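# Coordinate analysis (summary)
Residues per chain are reported as follows:
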Amino acid sequence: MLFNSFPFLVFFPVTLLVYFILPKFKMVRTLWLLAASYFFYMSWNPVYGLLLLFCTLVTYLGAIMIQHIRDKQTLRRIIVKQLADDDRVNERFTAEIPEGTAGKKFILFMTLLIVFALLCYFKYANFLGTNLNRLFDRTGLEVRIPSFDVVLPVGISFFTFQAAGYLIDVYRGDTIAEKNFFRYALFVSFFPQLVAGPIERSRSLLKQLNKIHWFSYERARDGLMMMLWGYFLKMVVADRAAVFVNAVYGSWEKQNGAVLLVASVLFAFQIYGDFGGYSMIARGAAKIMGIDLMDNFDSPYFSCTTKEFWRRWHISLNTWFVDYVYIPLGGSKKGKFRSALNTLTVFFLSGIWHGASWNFVIWGVLNGLYQIIGDILRPVRDFFNRLLGIKTDTASHSIIQAVITFLLVDISWVFFRSSSVTEGIGILQSICHADFIKMFSTGIEGYGLNGPELRLLFLAILFVMIIDCFENKGISVRTWLMTQGWAFRILAVSFSILFIVIFGVWGNAYDAQSFIYFQF
Amino acid sequence: MMPRALSTSSSSKTEKEQTRPHKLGKILCFFLAAALTAGSIYAAARIFRKTDSEYQYDPFFEDETEYDVLFFGNSHAQYAVSPLQLYRDYGITSYNMASHGNSIAVSYWMLKNAIEYHKPKVAVLDMYLVDADTVTMKKGLAHYTFDRFPLTRTKMEAIQGIFGDFKEQLEFYVPFSVFHNNWSSFTLDSVKKIWSPAPRNKNKGQKYESDVVPAYTYPVLDISDTEQADSTGKEYVRKFISLCREEDIKPVLILIPYPASEEKQRWQNSVHALAEEENVDYIDLYHMNLVDADTDFYDPDSHLNLSGSVKVTDALGKELDRRYHLEDRRSQKEYSSWKESLKAWNRHLEKSLSEQTCLSNILVFLSWPEFTAEIGIDPGCTVPSYIEELIQQSRSRIRDYKRNEEELGLYHEIHLKIMEKESGETILEGDFADQGKGFVLLEYKEPA
C-alpha cells in the first residue's frame, strides 16, 4: 500500500478515525495501531507479516533477557556496595558473586546475528553467491553456489535496523527493555515509518507510544500540511522527474552526454522528492496521531560540504551508523588514519545497505572518500583562503560551496541510479563529452515529458529550492502559514490539494512510481 | 454594544486567547476547507474531462420517450444504423448504443446498464466480433462507452467483468485519475466546460462519415461454410440472449455488411446455427448484397459511410417492421419530440453538406432523401466510375441531369447544385474539377 495510492487514502482516515474514537485505554489503542500496521505491511505480501513478527519476537526476547541480566547486575552492584561497607564480610566473598557481562554480550551477539542473518539472506545471499561464483571462476575452482529465489521484503532494512538499534540501546542501558510485547511490536511496525523510515530510536518512539494521545486540531492541521508537502515532493517533483530520468537512463548508450547530465541533475531532485516526500508524509501522518518522528532531511542541497550534506540527508540512517558503528569503532578519537578508516567503513556499509550491488558500494565509498579528502584538504583550503583573502562568511562563497557540493553528490548519484558500475562510468564518460549545442538545438522534449510538463517540473524544483532556502535560514514556511488568518489558510490548503491533484503524476496514464527507498 | 459581563470577561483574557479560534470555528474552518477543496476538484474534473461519452449518450439519458429498439455492437453498428431514418421511414424509435471497440462482452454489459434507464422491446446485437476470444477492450475506448453511465453497482460489475485488474478498473470509477493529465492542453476557453454541457449526438447515437474509400473485396462464401469452434464472443451472445429473455426483451442478432475475410465469414456464418440453437432471429445483412464496395465505405476494411448506412438502415427497418410489428410512433403525440429531432438532424446534415468541398462526399449526402440536386457534366469530362455510380445511385433525387448536351463551361468540369427538397433552397452550388485528389470544388476569385 503506497502512500500515494487510493487504498491508503481509505486506510489512513479509517485508521485515524477508529484510533481517536476508541476508548482512551493505552492497550486498546496500541492493539488497534498494531493491527493497522500489520495490515498495512501485509498488503504487499501477507507472508512478510511473519517475517516482521519473527524479527519482533527475537529482538523482544533478546532485549528482555539482556534487561534481566542488567537488572541482576545492578542488584549485584547494590549488594556488593552494601556488603563492602559491612566490615563483617570479607572481600573474597563479594568477589565471588558473578558479573554476568559475558551473558549479556552473548545474547546481544546472538540476537543481532539472527536479525542481520535475516537481512543478509533476503538481501545479500544472491549478491554474495554471484560474486563468489565469479571468484571461483577466476581461480578455476569448480564450486558453484546456487542462486536463491527470494523476493526482498519491503522495508526489511528499515525495521531490522530499528530493532537492532533498540537492542543495542537496551544493552548499553540507554533504554529499558519494553515488557509489553504489543507495544514493542508496534514500535517495530508503526506503519508511517515501517517501510522507508525514518529509523526511529527507542528512547523517542517507545516513550511516545506509551502515552495516550488526544486529538489535537493544531497537530492535525500541521500534520496535514506536512503530508501535503510530502505529496507535492513525491507526485509533482519526483514522479515527473522519474519519467524523464527513466527514459534517458533506459537507453543511456544512445544519449548525448548533455541530456545525460540533465537527467542526472534531475535524478538528484527525483530522489530528494521521493525520499524526502515519503519521510514528510510519514512524519505528517504520525503527527496527526500525536507522535513526533525525527526529521529525516534538512535542506540537504544547501550543504556547503559533503560532510554537512550527510548531516542533512537521511538523518535517521546516518545518525544510526554514527551511534552504532562509527563511535563503537572509535570515531575520530583514535587518530586521523583510524578516523578515516571508520568513515570509509560507515559509508561502505551505508552503500551496501542501500542495495546489494557494486554500484551502491561505489556510491557509498565515493561519499566516504569525499569526506576523507575534504578533511585532508581543509588546511590547504584554509591556507589559500587566508592567502587570497577570500571571505568565507559571504553568501557568494556559500553558494559556490553548495554548487560544488551538489555536483560532487550528483556524481555519486549517477552510480546510485545506474544498474551497474560499468553503466555509471559510461554515463560519466558521456557527460564529459556532452554536446550542449546539439541539445539546445534539438531540445529535451521527447523523453516522456512534453514542453509544458518539463516547464512545470523545473518550476516545481525551483519552488522546492525556495522553500528549502527559507528552511535553511531557519524560517519555517509551514509555521508561517499557520500563523496566517483562517481564510488564507483555507485557500492555501485547498489550492495545495487541487494543485497536487491536477499536476501530480497519478492514475493510469503514468505508471505511478513506487517510492525508491522501499527496495532498501 | 457588547454586554458588560461578556466585555469584562473578554478583557481579562490575554490577546493570544482572544485570537484562538473557538471549537465551533475550527469545525467550520474544516468544513469550509473541505467544501472548497471538493468544489475546486469537481470544477477541475469538469474542465479536464473528455466529453466523447457525454456526446454519445447524453441524449439517451435525457430522452423521456421509450425506445422500441436498442442497437448494440462496435463502431460497425454505430456507423451503420441510423435511428432517425428508422423513425422517418418506419416510425420505429430506437437508440444506437454501439461504440468504438466494444467486444460482444462489452455489448452484453452495455445492455445490462442501458436497460436500467430504457427498456426496449427489441435488443439488436451485431455479430462482427463473434470470433473474438476476449471480454476486454482498449481502455481509452471504454471511456467512450462507460463514462457517461452513472456509477452504479451494475456499472461496477461491468467494469469488473471487462477489466480484471483493480488498478485498471479504478480509472473508470474515477475518470479524473486519467483526465487530470489533460492540464497541459488547458486554455481559458476550457473553463467554460465547468458549466456548459458537452455537444450532443444528433442522430440518437449514430455517427456518420461522408468520405468514399473503395473497400477490399473478398469472395463471398456460402453460409454453409462455417467455423465450428466456440469463442468468448459466442459465450457472451448467449448471455446477451439470456439477459434479454430475463428482461422480456426480444433479442435479435444481425450482421452489418463489411469487407469480411473468409475466416471472418466462417465465424459469422456459424451464427446461423447459434441463432437456431438459441431460437433467435439472425438478420444476415451481409448476404443481402446491400452495399457497393466502391461507394459505401469510408475506409477500406470496415466502416460504412452515410450512403452505406442509408441502405443498411433501410433494409434493417424493413426486417424489423416485418418481423416484430413495432408500433408506428410518427403519429403518436408523446413522440412528437422525435419530429423535432429529425428536423434538427436534417439541419445538421445541411450544415455539414454546405461545408463539403469534395464531390464524392457531396454525392454521398444525396443518399439522404431530404436533398435534391441539379447536375451538369461537361462533354469532355472523364468521370471516374465511383462518381458515376454515386450519381446513378441517387438518380431519383437528381431532378435536372444534363450531360453532353451543350458546353457548360470553359473547363472539363462538373457543375452541381444541391437544394433542400421541400423548400428548394440552395445549400451548395459550384463547379468541380479533378485536382489530382479527386473532384473538388473550384474556388473562383472575385474580379478586382
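Residue and element names in this part refer to chain B. Summarising the sheet, strand β4 (residues 250–255) and strand β5 (residues 281–284) pair through four bridges and their orientation is parallel. Looking across to β5, one finds that Leu255 is bridged to Asp284. Taking the sense of rotation as the criterion, the β-α-β connection linking β4, helix α13 (residues 262–278) and β5 turns out right-handed.

It is worth spelling out helix α15 (residues 336–354) of chain B at this point. All names here are of chain B. Look at α15: 28 Å from first C-alpha to last across 19 residues, which is about the 27 Å you get at 1.5 Å a residue. Those residues of α15 that sit buried are Trp338, Ser341, Leu342, Trp345, Asn346, Leu349, Ser352 and Leu353. Buried residues of α15 fall within an arc of 140° about the axis and therefore sit on the same side. Pointing more than 90 degrees away from the buried face of α15 are the exposed residues Arg347 and Lys351.

For the rest of this paragraph, the subject is the domain arrangement of chain B. All names here are of chain B. Partitioning chain B into structural domains gives domain 1 (52–338) and domain 2 (356–441). A C-alpha centroid distance of 33 Å is found between domain 1 and domain 2. On the domain 2 side, the residues contacting the 16 residues of domain 1 number 13 residues. The salt bridge involving Glu370 is made with Arg88; its shortest N-O contact spans 3.1 Å. Those elements giving two or more residues to the side of domain 1 that touches domain 2 turn out to be α6 (83–90) and α14 (306–324). With four residues, the single largest contributor to the side of domain 1 that touches domain 2 is α14. Of the residues belonging to the side of domain 1 that touches domain 2, the class tally is four nonpolar, six polar and six charged.

A word on the packing of helix α7 (residues 104–114) of chain B against helix α9 (residues 153–162) of chain B. Residues and elements named next belong to chain B. Interaxial distance between α7 and α9 falls to 9 Å at its minimum, and their mutual angle equals 175°. Here α7 lies roughly antiparallel to α9, going by the angle between them. Along the contact surface, α7 presents Val106, Trp109, Lys112 and Asn113, while α9 presents Thr154, Lys155, Glu157, Ala158, Gly161 and Ile162.

Listed per partner, the contact involves 23 residues of chain B and 24 residues of chain A. Both faces combined, the contact of chain B with chain A buries some 2100 Å², and carbon together with sulfur accounts for 71% of it. Applying the counting rule to chain B against chain A returns zero salt bridges. Our enumeration of links across chain B and chain A arrives at five residue pairs in polar contact (both at pLDDT 80 or more). Going through the elements one at a time, α3 (23–48), α10 (166–173) and α11 (176–179) of chain B are the ones with two or more residues in the side of chain B that touches chain A. It is α3 of chain B that provides the largest number of residues to the side of chain B that touches chain A, a total of 10 residues. Residues that form the side of chain B that touches chain A fall into these classes: 12 nonpolar, six polar and five charged.

So, on to a nonpolar patch on the surface. Residues and elements named next belong to chain A. Residues Leu369, Ile373, Ile376, Leu377, Val380, Phe383, Phe384, Leu387, Leu388 and Ile390 make up a contiguous nonpolar surface patch of roughly 930 Å² in combined accessible area. With respect to the helices and strands, the residue Leu388 is situated in helix α15 (residues 358–388). On the accessibility criterion, Leu388 (60% relative accessible area) is exposed.

Strand pairing in a sheet relies on backbone hydrogen bonds, with the paired strands running either antiparallel or parallel. Residues and elements named next belong to chain B. The five strands lie next to each other as β2-β1-β3-β4-β5, forming an open sheet whose pairing is parallel. The outermost strands of the open sheet, each flanked by one partner alone, are β2 (94–96) and β5. Averaged over all pairs of adjacent strands, the angle between strand axes in this sheet comes to 20°, irrespective of strand direction. Relative to β2, strand β1 (residues 69–72) is paired through three bridges, and the arrangement is parallel. The residue bridging Phe71 from the neighbouring strand is Asn96, located in β2. Where helix α4 (residues 52–62) meets the sheet, its contacts fall on β1 and β2, and the angle it forms with β2 comes to roughly 160°. Contacts from helix α12 (residues 232–246) reach β1, β3 (122–126) and β4, with the element oriented near 175° to β3.

To continue, consider the pattern of salt bridges. Within the structure shown, the criterion is met by 43 salt bridges over all chains. One salt bridge in this structure joins Asp295 of chain A and Arg283 of chain A, with 3.1 Å as the shortest N-O distance. One end of the pair, Asp295 of chain A, is in the loop between α11 (257–288) and α12 (306–312); the other, Arg283 of chain A, is in helix α11, and 12 residues separate them in sequence. Asp295 of chain A gets classed as partly exposed once you look at its relative accessible area, which sits at 34%. Two residues, Asp230 of chain B and Arg238 of chain B, come together in a salt bridge whose shortest N-O distance is 3.4 Å. Judged by its relative accessible area of 49%, Asp230 of chain B is partly exposed. According to the relative accessible area criterion, Arg238 of chain B is partly exposed, its value standing at 24%. One continuous salt-bridge network, built from bridges that share partners, spans Arg219, Asp222, Lys287, Asp292 and Arg478 of chain A.

Scanning all chains against the criterion turns up three cavities of 30 Å³ or more. Counted as a void, the largest cavity has a volume near 90 Å³. Lining the largest cavity are Tyr19, Lys26, Arg29, Thr30, Leu33, Leu186, Gln208, Leu209, Lys211, Ile212, His213 and Ile291 of chain A. Those elements giving two or more residues to the lining of the largest cavity turn out to be α2 (26–42) and α9 (202–209) of chain A. In this structure, the second largest cavity encloses a volume near 40 Å³. Every residue lining the second largest cavity is listed: Gly73, Asn74, Asn102, Ser103, Ile104, Ser107, Leu125, Asp126, Tyr128 and Leu129 of chain B. Looking at the lining of the second largest cavity, the elements that each hand over two or more residues are α7 and β3 of chain B. The class makeup of the residues in the lining of the second largest cavity is four nonpolar, five polar and one charged.

What counts as what
- Residues numbered from 1 in each chain as written.
- Chains lettered and ligands numbered in written order.
- Predicted model: local features only at pLDDT ≥ 70, side-chain atom pairs only at ≥ 80, totals over all residues.
- Heavy atoms only, no water.
- Pairing = 2+ DSSP bridges.
- Helix = DSSP H or I, 4+ residues; strand = E, 2+ residues; numbered from the N terminus.
- Right-handed = clockwise from strand over helix to strand, strands pointing away.
- Expected span 1.5 Å × (residues − 1).
- Buried < 20%, exposed > 50% of the residue type's maximum accessible area, 1.4 Å probe, protein only.
- Arc of directions from axis to C-beta.
- Domains from an automatic or database assignment.
- Contact = heavy atoms within 4.5 Å.
- Salt bridge = Lys/Arg side-chain N within 4 Å of Asp/Glu carboxyl O.
- Nonpolar A, V, L, I, M, F, W, Y, C, P; charged D, E, K, R; others polar.
- Axes fitted to C-alpha atoms, helices over the stretch in contact; angles between N-to-C directions.
- Parallel < 35°, antiparallel > 145°, perpendicular 65-115°, else oblique.
- Buried area = accessible area lost by both parts, 1.4 Å probe.
- Polar contact = N/O pair within 3.5 Å; in protein donor to acceptor, adjacent residues only side chain to side chain.
- Patch = residues over 30% accessible without salt bridge, like charges linked within 9 Å, V, L, I, M, F, W, Y side chains within 5 Å.
- Areas by Shrake-Rupley, 256 points an atom, 1.4 Å probe, with all protein chains shown as cover.
- 1 Å grid on protein atoms, 1.4 Å probe; cavity = no way out; pocket = protein on both sides within 12 Å on 5 of 7 lines; lining within 4 Å.
- Points joined across faces, edges and corners; volume = space filled by probe spheres on them.

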